[in-house]
Amino acid sequence: MKNLLAGLVSGVAATLLWSAASADELKLAVKTETSGIDPHWQTLIVNIQIDRHFFDHLIEFGDKMELVPGLAASWKALDDKTWEFKLREGVKWQDGSPFTADDVVFTWERIPQVVNAPGPFSQYIRGKKVTKVDDFTVRVSTEAPYPLMETDVAQFAIVSRKNGDGATSADYNSGKATIGTGPFKFVEYVSGDRIVMKANPDYWRGKPKWDRVTIKPIKSGPSRVAALRAGDVDLIDFVPPADINTLKKDSSVSVWQGSSNRPVFLHLDTNRDLSPSMLTNDGKPLWPNPTRDWKVRKAISLAINQEAIVDKVMEGNAILATQLVPPGFFGYNEDLKPGEYDPDRAKKLLAEAGYPDGFRVTLNGTHDRYINDKQIVQTVAQMVSRIGIKVEVRTHPVATYYTTANTGAYSFWLGSHSVSTGEPSAQLNHLIHTTWPGTPYCCTPRGYSNPRVDRIIEKGMVTVDNDEREKLFKQAIGIAVEDIAVIPLHYQLNTWASRPGIEYISRLDEMTLAQNVIKTK
Amino acid sequence: MSVFIIRRLMQSVVVVFVMTLIVFFGVMVIGNPVDILIGQDCDGPCREQVIRALGLHLPLHEQYFVFVKNALKGELGVSFRAGIPAIHLIFERMPATMELAFSAMFMAIVIGIPLGMWAGLKPNSVSGKLIMGGSILGFSLPSFWVGLMFIMIFAVALDWLPATGRGDTIPVLGLQLSLFTLDGLSHLILPAINLALFKMSLVIRLTRAGMREALFMDYVKFAYAKGLGQRRVVLVHVLKNILIPVVTVLGLELGNVIAFSVVTETVFSWPGMGKLIIDSIDVLDRPVVVAYLMITVFMFIFINLVVDIFYSMLDPRVRLQGAER
């Protein structure tokens, strides 16, 4: 009992001490921890959001995923195969050495050498040769016309040759090599517990607003909310969906919400004559696969009340989706409308297609990956059952979901693919284009194939002219959505919550950055 | 005694070997780590590169041989996710879990045993009944709920203690420990109590049951008849006799608390081993899961050995049996 009391007393003392800490100290709690400080280790948002504090990229994604000049002051395509980047002059590394074209060349050399990287960045420099023109100019050339130069270059951080030559990933984790041009300097990294950084007063965009920043991973949603309410942290990301509306009403907490780059949709296996879980009403394999018929696909789409899902399942914390990219993104097709809800017409179409009594199908979904994913598939199954198609629901942990989906085991499944480059080429390549193993058109589960759309996508992928390419992508999206290649449901909203006196400028790409936290009091 | 220990060690080698098979192949059938690790834009050649870098292109049995070969050298694989040896990751997190586990076990023992003895001595008193009632609560309330309640009451409503995480650490004998700083203790107290509640209830019930049984034994009556006072009878003669089941259970529970305090560590975001294993399972970081389970096997074997040695100290009959064989 004695140590219990001692603990209580010391706890009170510690709390008092904590409140006396510097007012310019910011503590952030994030849902997912980075897997390392090496900026070229894993191509996940949770890693990039950490490197953005220490390092800069040549081109950066802004809050709305627009392209913002970073260490490159300007850039242009000299011809279809060559790009020129003018580097920012007068930028200093945090150890005082100047930033030059050598560092860019070094970054290009280093990325493929990061051995055992579980998410290699080499995919972004593959086929691109960099040459130094002078101290502040580099040229990047490709074998074939390559339109995605800007978004590829925006993915990786530039590291310094002086500090990075021969440095291993461990040297970045220990902070020895973590000397960037970014707004914050590395102080400490304790895996599983915290990342601590302090302001870089000489940052080229101006001194950061926070003197010291601590980023803590708190994976459990309720614990993250509790940590905020207890004053342990100032801001949390990924507010659990069940808490959003309660927190919005709570005056001791501010909620910051913004649209995301993440559409959620349903896939149908429309590609094969026989699909594993499409069965006749008495449980025999159903030949031919009914969803090859546009009328059946349209019927399923008409059966789903998108608005009800957004209002009831998502409790208003989502936006109706019309296609594969959210509004405002490059390639967004304004002509597309949210899917109508008309169960009577759906039944009629189903009968016309030759299935007046429906058929059986299994709808698969995750239960730990997207906001309310389990509830979404349950609701969709109910809605589709109403037009006579008997839908069985199966949910899986994400750890096995996509692996199974990749084997072609699903006939009807929930999917999502964030628009991580600010434009739709990845969605088109990975979800709409016919799957071709061993090419960029591979490796993600999809159930659609349409040679006409394939040709438009392929043409877009070699068109460097932005307007021309956007037109092609819009056209491809238009045809695919009208043809019901996927059934768009909604775009998720990103939600942060903070203590009062702090504002978060929401980002489409789900990143939580100290640079975006503003002190209002 | 030494024959006994040697025999136990040989049994252990077999157990460890069988466990490598079960653990390794068990983990391999779940999902494909590549699908989790790579970014969604990682296409064909990029995927191929990752599969090779992680050694996943080898057939399963060859992966197992590589694993066994390295394990014999004391290397249990490199984490897919962090790229550092799995064993480093585990040992890095171990002090945090150890101090949590030992604080919880300490509380369970110093509070549980006296309360259990009291409840056994005075089963019909109000205090005795209160203790037993409390132990039922401690048993049956789910620990994640209790943890969240602790946070809501002591961290959010009363604002006495921090809600999550581990406090400041200082190096003690080369280990980073938070037991010796105020901030560290304030972070430790809630998770430790949360973890201790169940064990404490277990100890109370075991001790009470033992007391009830022992108090009617002949040797107790004889001791009283010999003229010994109650204090000496209970604290020396009875206590020694009822500790055997308590030590067995505590030994196993210690192993459990160290290896699988997953729930408490997750709720309080405690950077320990339990959180490491659950995070690793989520991203299918196979080497860490395998290494973790192997270390757990070793730990249980070791704890069981220690428990057996304790038995022989507490109960001469165990010692004598060992000598006869």
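Remember, predicted model here, so these are calculated numbers, not experimental data.

So, on to the packing of aromatic side chains. The final tally for this structure, using the stated rule, is 20 aromatic pairs over all chains. On the numbers, 5.3 Å between centres and 35 degrees between planes, the contact of B:Phe25 with B:Tyr64 is tilted. Here the residue B:Phe25 occupies a position in helix H1 (residues 2-28), and B:Tyr64 occupies one in helix H4 (residues 60-72), the gap between them amounting to 39 residues. Judged by its relative accessible area of 7%, B:Tyr64 falls in the buried class. Among the aromatic residues, those joined into a ring-pair cluster are B:Phe24, B:Phe25, B:Tyr64, B:Phe65 and B:Phe67. The positively charged end of A:Lys519 is found above the aromatic ring belonging to A:Trp210, 5.2 Å away from the centroid. Lying over the aromatic face of B:Trp118, B:Lys122 brings its terminal NZ or CZ to 5.3 Å of the ring centre.

This part covers unusual backbone geometry. Residue and element names in this part refer to chain A. Along the chain, Trp287 connects to Pro288 via a cis peptide bond; the corresponding omega equals -5 degrees. Here Pro288 shows up in the loop between strand E12 (254-268) and helix H10 (294-303). One non-glycine residue with positive phi stands out, namely Glu315, at about 50 degrees.

On the chain A side, the residues contacting the 55 residues of chain B number 57 residues. Regarding the contact of chain B and chain A, the summed buried area is about 4,600 Å², with carbon and sulfur atoms giving 55% of it. Its largest share of buried area at the contact with chain A, chain B owes to B:Gln40, B:Asp41 and B:Arg81, together 15% of the area lost on that side. Linking chain B to chain A there are three salt bridges. A salt bridge links B:Asp282 to A:Lys219, with the shortest nitrogen-to-oxygen separation between them at 2.2 Å. Looking at the side of chain B that touches chain A, the elements with two or more residues in it are helix H2 (33-37), helix H3 (44-53), helix H5 (86-121), helix H7 (143-157), helix H8 (182-214), helix H11 (262-267) and helix H12 (273-282) of chain B. Per element, the largest residue contribution to the side of chain B that touches chain A is seven residues, and it comes from H3(B).

Let's shift gears to the pairing of strand E7 (residues 137-142) of chain A. Residues and elements named next belong to chain A. Pairing analysis gives five bridges linking strand E5 (residues 82-87) to E7, with the strands arranged antiparallel. Each residue of the ladder has a partner; that of Trp83, found in E7, is Val140. Here strand E6 (residues 128-134) runs beside E7; their pairing, made up of six bridges, is antiparallel. Within E7, the residue paired with Val130 across the bridge is Val140. Connecting E6 to the antiparallel partner E7 that follows it, the hairpin turn spans two residues.

Bringing helix H8 (residues 221-229) of chain A into the picture now. One turn of the α-helix equals 3.6 residues, which is why residues spaced by three or four share an orientation. Residues and elements named next belong to chain A. Within H8, seven of the nine residues are buried, which leaves the element mostly enclosed by the surrounding structure. Within the sequence span of H8, burial applies to Gly221, Ser223, Arg224, Val225, Ala226, Ala227 and Leu228. Looking one or two places after H8, you find Gly231, whose phi comes out positive at around 80 degrees.

What counts as what
- Residues numbered from 1 in each chain as written.
- Chains lettered and ligands numbered in written order.
- Predicted model: local features only at pLDDT ≥ 70, side-chain atom pairs only at ≥ 80, totals over all residues.
- Heavy atoms only, no water.
- Phe/Tyr/Trp six-rings, centres within 6.5 Å; stacked < 30°, edge-to-face > 60°.
- Helix = DSSP H or I, 4+ residues; strand = E, 2+ residues; numbered from the N terminus.
- Buried < 20%, exposed > 50% of the residue type's maximum accessible area, 1.4 Å probe, protein only.
- Lys NZ or Arg CZ within 6 Å of the ring centre and 35° of its normal.
- Contact = heavy atoms within 4.5 Å.
- Buried area = accessible area lost by both parts, 1.4 Å probe.
- Salt bridge = Lys/Arg side-chain N within 4 Å of Asp/Glu carboxyl O.
- Pairing = 2+ DSSP bridges.

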